[in-house]
There are 4 protein chains.
Amino acid sequence: MENPLPEKNKRWKIKLHEIIYEADTPAGKLFDVILLVFIIASILLVMLESVASIDLKYHFWLNVGEWIVTVLFTIEYIARVITVKKPWKYIFSFYGIIDLLSTLPKYLSLIFAGTHALVALRALRLLRVFRILKLARYLGASNQLATALKASRAKISVFLFAVVIAATIFGTIMYLVEGEKNGFDNIPKSIYWSIVTLTTVGFGDIAPQTPLGQFIATIIMVLGYGIIAVPTGIVSAEYTRSTNNEEEQKLKKEQSNTVALNTQSCQNCLAENHKDKAEYCYNCGQPLHIK
Amino acid sequence: MENPLPEKNKRWKIKLHEIIYEADTPAGKLFDVILLVFIIASILLVMLESVASIDLKYHFWLNVGEWIVTVLFTIEYIARVITVKKPWKYIFSFYGIIDLLSTLPKYLSLIFAGTHALVALRALRLLRVFRILKLARYLGASNQLATALKASRAKISVFLFAVVIAATIFGTIMYLVEGEKNGFDNIPKSIYWSIVTLTTVGFGDIAPQTPLGQFIATIIMVLGYGIIAVPTGIVSAEYTRSTNNEEEQKLKKEQSNTVALNTQSCQNCLAENHKDKAEYCYNCGQPLHIK
Amino acid sequence: MENPLPEKNKRWKIKLHEIIYEADTPAGKLFDVILLVFIIASILLVMLESVASIDLKYHFWLNVGEWIVTVLFTIEYIARVITVKKPWKYIFSFYGIIDLLSTLPKYLSLIFAGTHALVALRALRLLRVFRILKLARYLGASNQLATALKASRAKISVFLFAVVIAATIFGTIMYLVEGEKNGFDNIPKSIYWSIVTLTTVGFGDIAPQTPLGQFIATIIMVLGYGIIAVPTGIVSAEYTRSTNNEEEQKLKKEQSNTVALNTQSCQNCLAENHKDKAEYCYNCGQPLHIK
Amino acid sequence: MENPLPEKNKRWKIKLHEIIYEADTPAGKLFDVILLVFIIASILLVMLESVASIDLKYHFWLNVGEWIVTVLFTIEYIARVITVKKPWKYIFSFYGIIDLLSTLPKYLSLIFAGTHALVALRALRLLRVFRILKLARYLGASNQLATALKASRAKISVFLFAVVIAATIFGTIMYLVEGEKNGFDNIPKSIYWSIVTLTTVGFGDIAPQTPLGQFIATIIMVLGYGIIAVPTGIVSAEYTRSTNNEEEQKLKKEQSNTVALNTQSCQNCLAENHKDKAEYCYNCGQPLHIK
C-alpha cells in the first residue's frame, strides 16, 4: 500500500533479472542467443583486426564494430549490476571480473595510446560463452568425467612433476652434449627442447646433430612413448570406476524422489543449481520467484 | 494375365536390381568386385594425373582411362536409377548424390575449360568403396564401437570445444608475446600454431623464439600431453561398458530365436538390414523377392 | 644290432639337434648365448659399415668381422639342416628362410659387385633374436596381449582403412587449396602430408601457407586428436576383457592337472610347445628324446 | 650414571637426526621447507649460469650464490653423516650418493679448470626434491599406479624391444631408399629417424624426399599410430585391475585394525615406512624414539 513506486521499480528489476540471468522464459532464451552472437562477433573482430592486410583495408569498419560491441557489453554489464540485489558479489565473482576485463580495453585505448597488449583481454570474452551455453551444467549432469579428472588429478600432478624433472635432467645433459653450436644455447632452451620431445610434439626448430645427442634423443623419445600411456591409463581407469559408481547411485536416486535441476539463479546471492520446484533459494532463503 | 510385356520388363529389372544392389547371388558378388576394381583404378588415375612428370608423359592414356571409367560409372548410375522403383529416393540419397558428384566432373571439363578444382569431387569415389564392402554392416554387426562413439560423442564435443577455446586464448597470448617478427603474423595464424602444438603435431614451420614464448609453449605442450588422456579415457571406458552390455544382450538374444541379417536391400524403399528369412520389407511392406 | 654306425651317427645328430634347437641343457643355453652375441655383433657391423667416416678408417676390419660372422652363420645353417629329420621343412619354414636370406648377401657380394642394396637383408638377422630369446613363448605365456590384439585386429583394420580414406580426401583438398607453389606438388604427396598430420607426427617439411589451408589443417589435426582415442580404447577394452577371461581360465586349469610347457622342439617336424613331461611329439608322434 | 657426556652428546645427535630425517616435528618440517627452497634456488642458479647474456652480466653474483648453496649443502651432508648411527650405510645409499655428487662439482672446479661438464651433476639436486616431498610415499599410499606399472613392465619391455627391432629394419630400408643425399647419411641416423617417426615426434630435420621413401614413411606412421594403442591399453587395463584389487584389500584392512604409516626413518638402519605407533624399527629392532 505504502510506496508503490519502489514496488513497481522492483518489479521492473525482477523482470530484467529474469531475462539476463535465467534461460527459462522465451525472453531469457532470446537474450542468451543474441549475447552469444555478439560474443562470437566480437572475437572475430579481434582476430580480423590482427590480420594486417584486412586491418589496412577495413580499419574503420572494424573499429566501428568494436565500438558497437563494447557499448552493448557495457550496457549489459551495468544491467547485470543493477538487477542483482548484491552488486558487489557479482562484481567480484569469476564471471563479473571477466565481464569487466573484456569490456575495459577499448575504453583504455582512448586514454592511453598503444595499449595493444590489452587486446588479449578481449579474448577473455570467449570464456563468457561457457556461461550462456551453461556448459558447466551440461558436463555436471553427466559428471563422471569431472569425478574421473578430480580423482586422477593428484596422480597426474605427481606424474607431470616427474616429467618436468626428467626434462630438466635430460635438458642439462643435451646442453652439455650438443652445446651452443647446434642450437642448444643454454639449459632453459634445452629443457624446452626436452619437453617438446617428451610430449612427442617435435617442432624440429632445434634438433640434435651429433650421434651421441641423437642417441640420447632416441632414449627420450622411447621413454616419452612409454610415458604417454600412464596418464591415459589413469584417466581411463578412473572414468570407468566413476561411471560404475554413477550407475549405482542413479539406481539409488531413482528409488527416492526424482529431482531435476532448473536453470534459475537466485537474484539475491547468485547461487545456482536450485531444485526444479524450488520456491526459495537453498543458500540465502530468499524467494526465487517474486509473485 | 493381361499385359505380359511389362511383366517381362519388370522381371528383367528385378534381375538387374538383384545384381546391382545385392551381394547374395554370384552375379551380384562379381558386380561388386568389378566395381571395386574400377573405383580403385579411377582413384589411381586421379592421383597419377596430378603428378606433373607422369601426366606429361602419359597424358593421353590417363585421359583415355578416365573417360572409360567415367562412361562405365555413368552406365552404372543410369542402371541404378532405372532398376529402383522410386528413382528420386535413390537420386537424393547419400550414395546417390556421391555417385552423381563423382561422375559429373569429367563431363563438365568438356563444357568449361579449367575446371581443375572439380578434380576433388572425383576423390569422393572412395566413399563408394564403403557401400561395396558393406563396411557399415561389418562395423554394425559388432556395434560396440559405434555405441561407444555415440555415447561419448557429446562429451568429446564439449571437450574439443574446450580445446578450441584454449587454443584461441593461447594463440592470442602468443601473438602478443612473439609478434610478427617470429612468424606469429596474426591471431588466426597463432591459433593455428596453438592447435598444432596442443594436438602434439608440431610442424615447426612456426616456432617460438623468445624465452617467454618458449616457456608458454612448454605449458601448452604439457597441458596437451595431459589433455590427450581425456578423450582416450572416455572412449575406452564407454567401449568397455558397451562391450559388457553387448555380451549381456547377446545372451538374451540366444535365448530367443536366433536372428541373422541378410545383405539384401528393398527394391522399393532402399531399406537395408532385413532379417535373413524376411519375405517382406520391414519398412514399406513390399515383398523382397518377387517370385 | 646290425648297422651300429648309423646308430652312432644318429646319436651324434641327436646331440647336436638338442644343442641347436633346445635350451634345456647347459650346452643348449651356451649355444643360444653365443649365437645372440654374434647376431648383435653382426648387426653392429652392418651399422658401422654404413657410417662413412668409420668405414673409411676401419674398412678392412669391418670386412674381416663380417666374413667371420658370415662363415659362422653358414656353419650354423648347415648344422641346422643336417640335424633336422625333415630338412626341407626347416628350409622353407619362416626362420629357415630368414637364416638363409641373412647369410647369402655377403657371398653374393663376391660374385656381383655393387650389390649394396642387399645390405638390408642382413638386417633381417635381428628377427633371429626372437627365436633365441623365445620371445614368442614369453608373450604366449601371458597371452592376454595376443588375444586382445587378435580380437581388436578386425576393428583396427577397418579403422585404419577409414583413416586412409580420410587422408586421401583431405590430401586431394589440400592439393587444390595449397597447390604446387607451397610444396603440395601432387596428390600422392598431399596424401603423405595428410597422414603425417593425422598421425600427429608433423615433420614440417611440407606445411600449409595459405589461411584456408591452415584452417583445413586445423580440422585435420583436431580430428586426428579425437581419432587417436579409438584404437587405444579398443585395445584397452579388449585387453581388460581377455585379462578377465584369462584369470577365469587359470582358475579352471589349476583345478585340473598343472601343465607346464617345455622349450623343446621336435626333431622330426619342428613342432614346439610340447608339454613338460611329453615323451612323444603331439604333432607327428615321434619320440622327443631318443634314449 | 657413568659417562654422562656421551649420553648428552647422543641426545644432541638424536635431536638433530629428528630434524634432518623426519618431518613429524615443527623443526623437522621447517628444515624440509628451507632445504626445498635452497634446492630450487640452486637449480635456478645452474640454469641462469648457462644463459650467456645473464652469465656475462651477473657472473659474480651467480658464483657467490652457487658457493653459498654449496657450503650449505656440504654442512647438511656432514650433519647427515654424523647423526646417523651407521654412516657408511647412508653414504652408499641412493640418496647418499646423489647428495655427494651434487655437492662435489663446485669444489672440483677450484682444483681443475674447465670442468664444465660436471655442471650436469648439479642437476641431480632435483632428485633430492623427491626425498623432501616424500613423493615416493605419496605415490605409495595410492600404490595402484606402482602396481600397474610393475605388472605391465615386462610386457611393455617386450613391446619396446619390438619397436626397436622395427626401427632398425625400417631404418636400414630407408637408408637404402633415400640415401645420403636426402639426409639419411648412415644406418644409425636412419634408425634415429625411424624412432622419431614411430613415436610420432617428427622433428622434420630429416624427411623423406623420394616418392618411395614417403610411401614407406606413411606405412611407418600408420603402424606407429596403431602401435601407440598397445602400451596405453596395457597400463590402462592393469591399472583398472590393480584398482579393483586395492579396493578389495582396503575392505579387508578396514575389518582388521587400522594401520597408518608415519614419516619417521630409523636412526640406525635408515629403514622407512614404520607403523604409526611403532616404538622399535621393524628392520633392525632398535628403538625409534630414544626417551
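Note that the coordinates shown come from a computational prediction; the quantities given were computed from them, not determined experimentally.

### Let's talk about the interface of chain A and chain B
Reports of interface size often rely on the accessible area that becomes lost once the parts have come together.
Item 1. Every contact between the two is made by 45 residues of chain A and, on the other side, 41 residues of chain B.
Item 2. The tally of links from chain A across to chain B stands at 0 salt bridges.
Item 3. Summed over the shared surface of chain A and chain B, the number is 1 residue pair in polar contact (both at pLDDT 80 or more).
Item 4. Counting residues per element, the ones that place at least two in the side of chain A that touches chain B are α2 (26-50), α7 (119-122), α8 (125-133), α9 (135-141), α10 (144-178), α11 (187-198), α12 (211-227) and α13 (229-255) of chain A.
Item 5. Ranked by residues supplied to the side of chain A that touches chain B, first place goes to α13 of chain A with 8 residues.

### Brief notes about the relation of the copies chain C and chain B
Item 1. After a rotation of 90° and a shift along the axis of 0.0 Å, chain C superposes on chain B with an RMSD of 0.0 Å. In the structure described here, the two chain copies are related by an operation that fits a four-fold rotation axis.

### Brief notes about the interface of chain C and chain B
Item 1. Counting residues at the interface gives 42 residues for chain C and 45 residues for chain B.
Item 2. Between chain C and chain B, the buried area comes to about 3800 Å², and carbon and sulfur atoms account for 76% of it.
Item 3. Ranking the residues of chain C by area buried against chain B places Val158, Met221 and Tyr225 of chain C at the top, with a combined share of 18%.
Item 4. At the boundary of chain C with chain B, the tally comes to 0 salt bridges.
Item 5. For the pair chain C and chain B, the number of links is 1 residue pair in polar contact (both at pLDDT 80 or more).
Item 6. For the side of chain C that touches chain B, the secondary-structure elements that each account for two or more residues are α10 (144-178), α11 (187-198), α12 (211-227) and α13 (229-255) of chain C.
Item 7. Per-element tally for the side of chain C that touches chain B: the top contributor is α10 of chain C, with 11 residues.

### Section: a nonpolar patch on the surface
Residue and element names in this part refer to chain A.
Item 1. A surface patch of nonpolar side chains, amounting to about 320 Å² of accessible area, comprises Ile68, Val71, Leu72 and Ile75.
Item 2. Relative to the elements of secondary structure, Val71 occurs in helix α3 (residues 52-83).
Item 3. Val71 sits in the partly exposed class, given a relative accessible area of 39%.

### What to know about the side chain of Lys106 of chain C
All names here are of chain C.
Item 1. When you line up the elements, Lys106 lands in helix α6 (residues 104-111).
Item 2. Buried within the structure, Lys106 lacks any salt-bridge partner; Glu49 is the closest side chain of opposite charge, at an N-O distance of 4.9 Å.
Item 3. Dropping the residues within four chain positions of it, Lys106 is found in contact with Asn63, Glu66, Trp67 and Thr70.

### A word on the UniProt feature "transmembrane region" (unreviewed entry) in chain A
All names here are of chain A.
Item 1. Here, the residues flagged by UniProt with the feature "transmembrane region" (unreviewed entry) are residues 30-48, 60-79, 107-127, 158-178 and 215-235.
Item 2. Across residues 60-79, the secondary structure splits into 100% helix and 0% strand, with the terminal C-alpha atoms separated by 29 Å.
Item 3. Spanning residues 215-235, this segment combines 95% helix with 0% strand, and its end C-alpha atoms are found 32 Å apart.

### Description of the packing of aromatic side chains
Item 1. This structure, assessed with the given rule, holds 28 aromatic pairs over all chains.
Item 2. Measuring from ring centre to ring centre gives 6.0 Å for Trp88 of chain A and Phe92 of chain A, while their planes differ by 20°; the resulting arrangement is stacked.
Item 3. Judged by its relative accessible area of 61%, Trp88 of chain A is exposed.
Item 4. Three or more aromatic residues joined by ring pairs form one cluster here, namely Phe184 and Trp193 of chain A together with Phe203 of chain D.

### Let's talk about the packing of α12 of chain A against helix α11 (residues 187-198) of chain D
Any two packed helices are characterised by the angle at which their axes cross and by the distance between the axes.
Item 1. For the pair α12 of chain A and α11 of chain D, interaxial distance at closest approach is 10 Å and the crossing angle is 25°. On the basis of their axis angle, the class for α12 of chain A and α11 of chain D is roughly parallel. Taken as a pair, α12 of chain A and α11 of chain D cross one another with a handedness that is left-handed. Residues Gln214, Ala217, Thr218, Met221, Val222 and Tyr225 of chain A of α12 of chain A form the contact with α11 of chain D, whose own contacting residues are Lys189, Tyr192, Ile195, Val196 and Leu198 of chain D.
Item 2. Broken down by class, the residue content of the contact of α12 of chain A with α11 of chain D amounts to 8 nonpolar, 2 polar and 1 charged.

About the cut-offs
Residues numbered from 1 in each chain as written. Chains lettered and ligands numbered in written order. Predicted model: local features only at pLDDT ≥ 70, side-chain atom pairs only at ≥ 80, totals over all residues. Heavy atoms only, no water. Contact = heavy atoms within 4.5 Å. Salt bridge = Lys/Arg side-chain N within 4 Å of Asp/Glu carboxyl O. Polar contact = N/O pair within 3.5 Å; in protein donor to acceptor, adjacent residues only side chain to side chain. Helix = DSSP H or I, 4+ residues; strand = E, 2+ residues; numbered from the N terminus. Least-squares fit on C-alpha atoms with pLDDT ≥ 70 in both. Buried area = accessible area lost by both parts, 1.4 Å probe. Patch = residues over 30% accessible without salt bridge, like charges linked within 9 Å, V, L, I, M, F, W, Y side chains within 5 Å. Areas by Shrake-Rupley, 256 points an atom, 1.4 Å probe, with all protein chains shown as cover. Buried < 20%, exposed > 50% of the residue type's maximum accessible area, 1.4 Å probe, protein only. Lys, Arg positive; Asp, Glu negative; His and termini not counted. UniProt positions renumbered as here; feature names shortened; annotations may be inferred. Phe/Tyr/Trp six-rings, centres within 6.5 Å; stacked < 30°, edge-to-face > 60°. Axes fitted to C-alpha atoms, helices over the stretch in contact; angles between N-to-C directions. Parallel < 35°, antiparallel > 145°, perpendicular 65-115°, else oblique. Left-handed = near helix turned anticlockwise from the far one by under 90°. Nonpolar A, V, L, I, M, F, W, Y, C, P; charged D, E, K, R; others polar.

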